[in-house]
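Coordinate inspection notes
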Amino acid sequence: MSESVRRMLRAKLVVLGRDNCGKTALCVRFITRRFIGEYEHKREVNYRCQKIVDKEAIELEILDTVNKDCVGAAASSLESSIKWGDGFLIMYSVTDRSSFEAVSRLKRLIDHVKQTLGIPTVVVANKCDMENGRVVRTDEGQALASDLRCSFFELSVAEDASSVEAAFGQLVREVRQEFQRHLLAMDKRSRMLQMRHALKNKLTRSKTMQW
Ligand SMILES: Nc1nc2c(ncn2[C@@H]2O[C@H](COP(=O)(O)OP(=O)(O)OP(=O)(O)O)[C@@H](O)[C@H]2O)c(=O)[nH]1
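Computed from a prediction, not measured in an experiment: that's the story for all the values here.

**Some remarks on the overall build of the protein**
Counting secondary structure elements, the protein contains six helices and six strands. If you list the helices and strands of the protein from N to C, you get α-β-α-β-β-α-β-α-β-α-β-α. Counting every position in the protein, which comprises 211 residues, the buried fraction comes to 43%. In the protein, of all internal contacts separated by at least 6 residues, the share reaching a separation of at least 24 is 73%. By element, 52% of the accessible surface of the protein is carried by carbon and sulfur atoms, the whole surface being about 12,700 Å².

**Overview of the packing of helix α4 (residues 97-114) against helix α5 (residues 138-147)**
Direction vectors running N to C along α4 and α5 enclose 15 degrees, while the axes themselves pass 10 Å from each other. As summarised for this structure, α4 and α5 are arranged roughly parallel, according to the angle between their axes. Crossing angle aside, the handedness with which α4 passes α5 is left-handed. Judged by residue contacts, R97, F100, V103 and S104 of α4 engage E140, G141 and L144 from α5.

**A short note on the layout of surface pockets**
Taken as a whole, the largest pocket encloses approximately 610 Å³ of empty space. Along its surface, the largest pocket is lined by 23 residues, and N20, C21, G22, K23 and Y39 are the ones closest to its centre. Sorting elements by how many residues they give to the lining of the largest pocket places helix α2 (residues 23-32) first, with three residues.

**Section: α5**
Restricting attention to buried positions, one finds in α5 the residues E140, G141, L144 and A145. All buried residues of α5 project into a common sector of 130 degrees when viewed along the axis, lining one side. Of the residues in α5, the exposed ones pointing more than 90 degrees away from the buried face are S146 and D147. Here the buried face of α5 lies against β4 (87-93), α4, β5 (121-126) and β6 (151-154). Downstream of α5 by a residue or two, R149 has a phi angle that is positive, lying close to 60 degrees.

**Let's talk about the pairing of β6**
One ladder, built from four bridges, connects β5 with β6; its direction is parallel. If you follow V123 over to β6, its bridge partner there is F152. This β-α-β element, β5 to α5 to β6, shows right-handed connectivity.

**Remarks on the packing of aromatic side chains**
Across all of its chains, the model carries two aromatic pairs by this definition. Seen from their ring centres, F30 and F168 are 4.1 Å apart, and the 15 degrees between their planes marks the pair as stacked. Note that F30 is positioned in helix α2 and F168 in helix α6 (residues 161-210), a separation of 138 residues in sequence. In this structure F30 comes out as buried when scored by relative accessible area, which is 3%. Above the ring of F30, the side-chain terminus of K51 is found at 4.5 Å from the ring centroid.

**Details of the pattern of salt bridges**
Counted according to the given criterion, the structure contains 14 salt bridges. Residue K51 is joined to E165 by a salt bridge in which the shortest nitrogen-to-oxygen separation is 4.0 Å. You can see K51 sitting in strand β2 (residues 45-53) and its partner E165 sitting in helix α6, a full 114 residues away along the chain. For K51, a relative accessible area of 14% translates into the label buried. Residue E165 is classed as partly exposed on the basis of its relative accessible area of 28%. A salt bridge links R181 to E178; the shortest N-O distance between them is 2.9 Å. Placement of both R181 and E178 in helix α6 is noted, with a separation of three residues, approximately one turn of the helix. Since its relative accessible area comes to 47%, R181 is described here as partly exposed.

The rules behind these values
Residues numbered from 1 in each chain as written. Predicted model: local features only at pLDDT ≥ 70, side-chain atom pairs only at ≥ 80, totals over all residues. Heavy atoms only, no water. Helix = DSSP H or I, 4+ residues; strand = E, 2+ residues; numbered from the N terminus. Buried < 20%, exposed > 50% of the residue type's maximum accessible area, 1.4 Å probe, protein only. Contact = heavy atoms within 4.5 Å. Areas by Shrake-Rupley, 256 points an atom, 1.4 Å probe, with all protein chains shown as cover. Axes fitted to C-alpha atoms, helices over the stretch in contact; angles between N-to-C directions. Parallel < 35°, antiparallel > 145°, perpendicular 65-115°, else oblique. Left-handed = near helix turned anticlockwise from the far one by under 90°. 1 Å grid on protein atoms, 1.4 Å probe; cavity = no way out; pocket = protein on both sides within 12 Å on 5 of 7 lines; lining within 4 Å. Points joined across faces, edges and corners; volume = space filled by probe spheres on them. Arc of directions from axis to C-beta. Pairing = 2+ DSSP bridges. Right-handed = clockwise from strand over helix to strand, strands pointing away. Phe/Tyr/Trp six-rings, centres within 6.5 Å; stacked < 30°, edge-to-face > 60°. Lys NZ or Arg CZ within 6 Å of the ring centre and 35° of its normal. Salt bridge = Lys/Arg side-chain N within 4 Å of Asp/Glu carboxyl O.

Below is the structure:
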């Protein structure tokens, strides 16, 4: 397989989280490096951009989801977004405990839809600039992310563009690692199939020679 095929050139990332936690602000900050206070955003938006992560270029599609009550059509739309994605960023606001409580539910949904554990997922706690309104402590976020086996970032989209870059950078890194693991598993499987085929040929030949 050529080097360019073995490198991941594109990745599809999905941003999930309760309403108002800062998903759109996060995507816009990552893509443009700017923070724009208010967003008119009541539907899913798919952004495309090119980024360099660990000195390697990657084309990203980033799906900014809308979190409605997860029933009926909204639930199936969320599930198809999850099926589509290679990596997930689950966000909550440190000023909204219900958004924190939604994180485990969303992670369980990812595991259920993908039918496997270890899907690249990063947990992001937003709005840490609002210390006065904080209702979720940093150590609670860290403990939850560690239970879910996810990387964890606490940041303020409003105040810190570099932490936003770091969170997306980590997700891209994990998606690339998963892609490499998948390639290795495929290589191993194809080597085993070749060996099985060669063995079968050898057995057939030796039987023919006996007769
Ligand atoms: N103080 C502060 N406010 C923020 C921060 N990030 C986002 N906000 C504000 O939080 C509000 C919600 O941000 P959005 O990005 O629209 O949140 P969302 O999760 O996309 O919301 P929905 O579209 O309803 O799902 C806006 O008023 C933002 O300006 C932050 O880091 N600090």
